[in-house]
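# A structural walkthrough
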Amino acid sequence: MAVRVQREDFDVGAELAALTRGRTDIGALTTFVGLVRDMAGDAKIGGMTLEHYPGMTEKELARVEAEANARWPLSASLIVHRYGRLEPGDRIVLCAAASPHREASFEACHFLIDWLKTRAPFWKLEETDAGPQWVAAKEADDAAAARWSKT
């Protein structure tokens, strides 16, 4: 299990190689890489600044990752999330889930990004032609995360 919050970019290939190095028990590796878009609805985005609450953010990401590892038989998992000013095309987040079998890997990776979008304490400020705008929580993200709630 690994969680990192960092200003610097990350190399997806290097991250995945490190995650799986020497692990012959891994039969499936599923990843999600989030990128900064240049549009939000009808608004052109010139950049985005991500802020977070140091210490709290890492703790919450670790909790989400631990939940994924409790729900699925994962061999390894990883969350890398950036903060600071980013431009369209920049990488924001990497989630990876490795398992002996593909189904657990797919489901766990999907869970990680769905829960991260709603639970991680990050705030996004988009630079638009109309001026800076804070990104509000989206009902679609809440609905996606709700499907993973235990009843």
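What comes next is a walk through the structure. All figures in this text were calculated on a predicted structure; none of them were measured in a lab.

## Concerning the side chain of Glu60
Note that Glu60 resides in helix H2 (residues 56-71). Relative accessible area serves as the criterion here: at 18%, Glu60 is assigned to the buried category. A polar atom in the side chain of Glu60 sits 2.6 Å from the side chain of Arg63. Beyond its immediate sequence surroundings of up to four residues, Glu60 is in contact with Arg119, Ala120 and Pro121.

## Some details on the pattern of salt bridges
Within the structure shown, the criterion is met by 8 salt bridges. For Arg63, the salt bridge identified is with Glu60, shortest N-O distance 2.6 Å. Note that Arg63 and Glu60 are positioned in helix H2 at a spacing of 3 residues, about one turn of the helix. The partner of Arg71 in a salt bridge is Glu67, and the shortest N-O contact between them spans 2.6 Å. Here Glu67 and Arg71 lie together in helix H2, a separation of 4 residues that amounts to about one turn. Residue Arg71 is classed as partly exposed on the basis of its relative accessible area of 22%. Overlapping salt bridges, with partners in common, bring together Asp9, Arg82 and Arg91 in one network.

## Quick look at the packing of aromatic side chains
Summed over all chains, the structure comprises 2 aromatic pairs. Relative to Trp115, the ring of Phe111 has its centre 4.6 Å away and its plane inclined at 35°; by these criteria the two rings are tilted. Of this pair, Phe111 and Trp115 both sit in helix H3 (residues 102-119), 4 residues apart, which is roughly one turn of the helix. A residue is classified by how much of its surface remains accessible, and Phe111, at 0% relative accessible area, is buried. Among the aromatic residues, ring-to-ring pairing joins Trp72, Phe111 and Trp115 into one connected group.

## Side note on the sheet that holds strand S1 (residues 2-6)
One open sheet accounts for 4 strands, arranged S1-S5-S7-S2; its pairing is mixed. Strands with a single pairing partner mark the edges of an open sheet, and in this sheet they are S1 and strand S2 (28-35). Here the strands of the sheet are splayed against their neighbours by 10° on average, with no regard to which way each runs. Where strand S5 (residues 76-82) and strand S7 (residues 91-99) come together, 6 bridges link them in antiparallel fashion. Its bridge partner being in S7, His81 is matched across the sheet by Val93. Sheet strands touched by H3: S2, S5 and S7. Its angle to S7, the strand with the most contacts, is close to 150°.

## Comments concerning the environment of Ser105
Mapped onto the elements of the fold, Ser105 is located in helix H3. Assessed through its relative accessible area of 0%, Ser105 is described here as buried. Spatially, the C-alpha atom of Ser105 lies 8.5 Å from that of Pro73, the residues being 32 residues apart in sequence. What Ser105 contacts, discounting residues up to four positions off in sequence, is Ala28, Leu29, Thr30, Ala97, Ala98 and Ser99.

About the criteria used
Residues numbered from 1 in each chain as written. Predicted model: local features only at pLDDT ≥ 70, side-chain atom pairs only at ≥ 80, totals over all residues. Heavy atoms only, no water. Helix = DSSP H or I, 4+ residues; strand = E, 2+ residues; numbered from the N terminus. Buried < 20%, exposed > 50% of the residue type's maximum accessible area, 1.4 Å probe, protein only. Polar contact = N/O pair within 3.5 Å; in protein donor to acceptor, adjacent residues only side chain to side chain. Contact = heavy atoms within 4.5 Å. Salt bridge = Lys/Arg side-chain N within 4 Å of Asp/Glu carboxyl O. Phe/Tyr/Trp six-rings, centres within 6.5 Å; stacked < 30°, edge-to-face > 60°. Pairing = 2+ DSSP bridges. Axes fitted to C-alpha atoms, helices over the stretch in contact; angles between N-to-C directions.

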